[in-house]
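# Descriptive structure summary
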Amino acid sequence: MMVAGAAVGAIFPGMTKHMPLVAPAGVSHLECGMCGAAYGDAEQPWRLSPCCDRPLLARYDLPALRGRFTPTTLSGRPPDLWRYAEVLPVRAAEHRITLGEGFTPLVPAPRLAEELELDRLWIKDEGQNPTGSFKARGLVMAVARARELGIEAVALPSAGNAGAAAAAYGAAAGIAVHVAIPKDTPASIIEETRALGAEVRLVDGLITDAGALIGRDAAEHGWFDLSTLKEPYRIEGKKTMAYELVEQLGRVPEVIVYPTGGGTGLVGMWKAFDEMEELGWIGGERPRMISVQATGCAPMVRAWETGAEMATPWEDAATAAWGLRVPRAVGDILILDAIRSSGGSAVAVSDDKMREAVSRIGRCTGVYASIEGGATAAAVPLLLERGLLDAGEEVVLFNTGSGLTYD
Ligand SMILES: *Cc1c(COP(=O)(O)O)cnc(C)c1O
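Residues numbered from 1 in each chain as written. Predicted model: local features only at pLDDT ≥ 70, side-chain atom pairs only at ≥ 80, totals over all residues. Heavy atoms only, no water.

Our next topic: the side chain of Glu372. On the secondary structure map, Glu372 appears in helix H15 (residues 371-385). Despite its burial, Glu372 remains without a salt bridge, the nearest opposite charge being carried by Lys135 at 7.2 Å. Reaching out from Glu372, the side chain makes a polar contact with the side chain of Ser370 at a distance of 3.2 Å. (Helix = DSSP H or I, 4+ residues; strand = E, 2+ residues; numbered from the N terminus. Buried < 20%, exposed > 50% of the residue type's maximum accessible area, 1.4 Å probe, protein only. Lys, Arg positive; Asp, Glu negative; His and termini not counted. Salt bridge = Lys/Arg side-chain N within 4 Å of Asp/Glu carboxyl O. Polar contact = N/O pair within 3.5 Å; in protein donor to acceptor, adjacent residues only side chain to side chain.)

Taken in spatial order, the 6 strands of this open sheet run S4-S5-S13-S10-S11-S12, and their pairing is mixed. The two strands at the open ends of the sheet, each matched to only one other strand, are strand S4 (106-108) and strand S12 (345-349). Each neighbouring strand pair of the sheet contributes to a mean axis angle of 25°, computed without reference to strand direction. Across 6 bridges, the pairing between strand S5 (residues 120-125) and strand S13 (residues 394-399) is parallel. (Pairing = 2+ DSSP bridges. Axes fitted to C-alpha atoms, helices over the stretch in contact; angles between N-to-C directions.)

On to the nonpolar core. One finds Met269, Phe273, Met276 and Trp281 to be the most contacted residues of the largest nonpolar core, which totals 87 residues. Summarising the domain contributions, this core has at least three residues from each of domain 1 (106-133 + 234-406) and domain 2 (135-225). Of all hydrophobic cores here, the second largest spans 34 residues; its members include Ile123, Val292, Leu324 and Leu389. (Core = buried A, V, L, I, M, F, W, Y, C linked by side-chain atoms within 4.5 Å. Domains from an automatic or database assignment.)

What follows deals with unusual backbone geometry. Glycine aside, residues mostly have negative phi angles, and peptide bonds mostly take the trans form. In this structure, Asp53 takes a positive phi of about 60° despite not being glycine. Along the polypeptide, Asp53 turns up in the loop between strand S2 (38-39) and strand S3 (56-59). On the basis of relative accessibility, which here comes to 55%, the residue Asp53 falls in the exposed class. The phi dihedral of Leu229 falls on the positive side, at around 65°, and the residue is not glycine. Along the chain, Leu229 turns up in the loop between strand S9 (224-225) and helix H9 (234-238). Take Leu229: its relative accessible area is 3%, and that puts it in the buried class.

The next subject is the side chain of Asp125. The topology assignment puts Asp125 in strand S5. Put simply, Asp125 is tucked away with no salt bridge, and the nearest opposite charge, on Lys124, sits 9.5 Å away. A polar atom in the side chain of Asp125 sits 3.1 Å from the backbone nitrogen of Gly127. Among the polar contacts made by the side chain of Asp125, one reaches the side chain of Gln128 at a distance of 3.1 Å. Excluding anything up to four places from it in sequence, Asp125 contacts Thr104, Pro105, Val107, Val367 and Asn399. (Contact = heavy atoms within 4.5 Å.)

It is worth spelling out the site of the ligand at this point. Inspection of the region around the ligand gives 16 residues, with Lys135, Tyr258, Gly261, Gly263 and Thr400 positioned closest. One nitrogen or oxygen atom from the side chain of Lys238 is found 3.0 Å from an oxygen atom belonging to the ligand. Separating a nitrogen atom of the ligand from a side-chain N or O atom of Thr400 is a distance of 2.7 Å. Within the complex, the protein chains bury 97% of what would otherwise be the 380 Å² of accessible surface of the ligand. Secondary-structure elements contributing two or more residues to the shell around the ligand are strand S10 (255-259) and helix H11 (264-279). Along the lines of polarity and charge, the residues of the shell around the ligand split into 4 nonpolar, 9 polar and 3 charged. (Near = heavy atom within 4 Å. Areas by Shrake-Rupley, 256 points an atom, 1.4 Å probe, with all protein chains shown as cover. Nonpolar A, V, L, I, M, F, W, Y, C, P; charged D, E, K, R; others polar.)

With that settled, the discussion passes to the pattern of salt bridges. A complete count under the given rule lists 27 salt bridges for this structure. For Glu199, the salt bridge identified is with Arg201, shortest N-O distance 3.0 Å. Judged by its relative accessible area of 23%, Arg201 falls in the partly exposed class. When salt bridges with common partners are traced through the structure, they connect Glu43, Arg91, Arg145 and Glu148 into a single cluster.

All right, on to the packing of helix H5 (residues 135-148) against helix H6 (residues 161-173) then. Packing of H5 against H6 leaves a shortest axis separation of 8 Å and a crossing angle of 40°. Judged by the angle between their axes, H5 and H6 are oblique. Crossing angle aside, the handedness with which H5 passes H6 is right-handed. Note on element contacts: H6 touches H5 through Asn161, Ala162, Ala165, Ala166, Tyr169, Gly170, Ala172 and Ala173, opposite Lys135, Ala136, Leu139, Val140, Val143 and Arg147. Partitioning the contact of H5 with H6 into residue classes produces 10 nonpolar, 2 polar and 2 charged. (Parallel < 35°, antiparallel > 145°, perpendicular 65-115°, else oblique. Left-handed = near helix turned anticlockwise from the far one by under 90°.)

Okay, here's the thing in structure tokens:
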């Protein structure tokens, strides 16, 4: 073909499927995130671990990939998350559906850095993903893998963005999608989800109530439940954010500031850094993982502050940052472990501060952030004041969605 290099995949998405790999893709086994018990038969659908009823983590034969799957291998591959296919669970090329998700820009933010009194600051702009949020990463993986395992219908609760992403990938894959979302979710997201072919159920309550409803319906109709961290593959899609950071920056940043709801992204990235060390891409250095939540729903912050290993559910969760309105996370132990093992921290900011920070990010960088993205910049002054961040450190803020999704 006469078309050059990395642009090929973007112009002809079919190219992603036929990209030659250095080793066959697919997991070697699944492992309980709580007790480490191994489950060998990964070619059947799995949900929570049978031993502890906790998230299952996908494992790969990384020693076999070491030295063969390197950042150099990636040059010329299409700019989407399938460029990391060797460390992703989907085995067959024909199931690697894509709408162009991932490989989002790492935007330098010198003027925002100056306003926030930091030296080196980047924004990973996840708002550029299909359907406007990083939920695309988790859902492309879960849906593609579900199709590979022969699943024909999936269901999930959502605060909004996950449902839209699931709808998009269900449509791309030809799989039926059922979504339950709180009825106060912005109308634009509900319309988008329906336009993408999903069945939408409006729930009078929060994402946890939507989850309970979906759990019952899924059991009754035989739909596969894609609730975050209740199946092993959404996290695999989200972990690619860390691979991208290392590929784009050429090193591990010192600090990652991440707006945390269910924690899939935080847990996924933490897992990816370990994988990259095993692959020989990086050494033992790790970013400090800083989790930001809303003052109206901050179960991880409370658990971190009190030294608890698990989080207790947050009563009367209220925040306009829908993605952060998660009163109870199944991955709480993994989130808290990532924060603590990394030497990180957890802080809460008010919705007003998030909104102010959306404007600040916008005017200083040209990135129109979601309110959750705003939360990360809003946290910086607090972190500096409390000595949880040093002005000289290299910091990456995650803008997890586009400001446009909530219009
Ligand atoms: C879902 C969501 C979050 C929270 O992500 P987790 O990985 O589940 O913690 C943050 N921001 C936006 C825009 C979201 O849609």
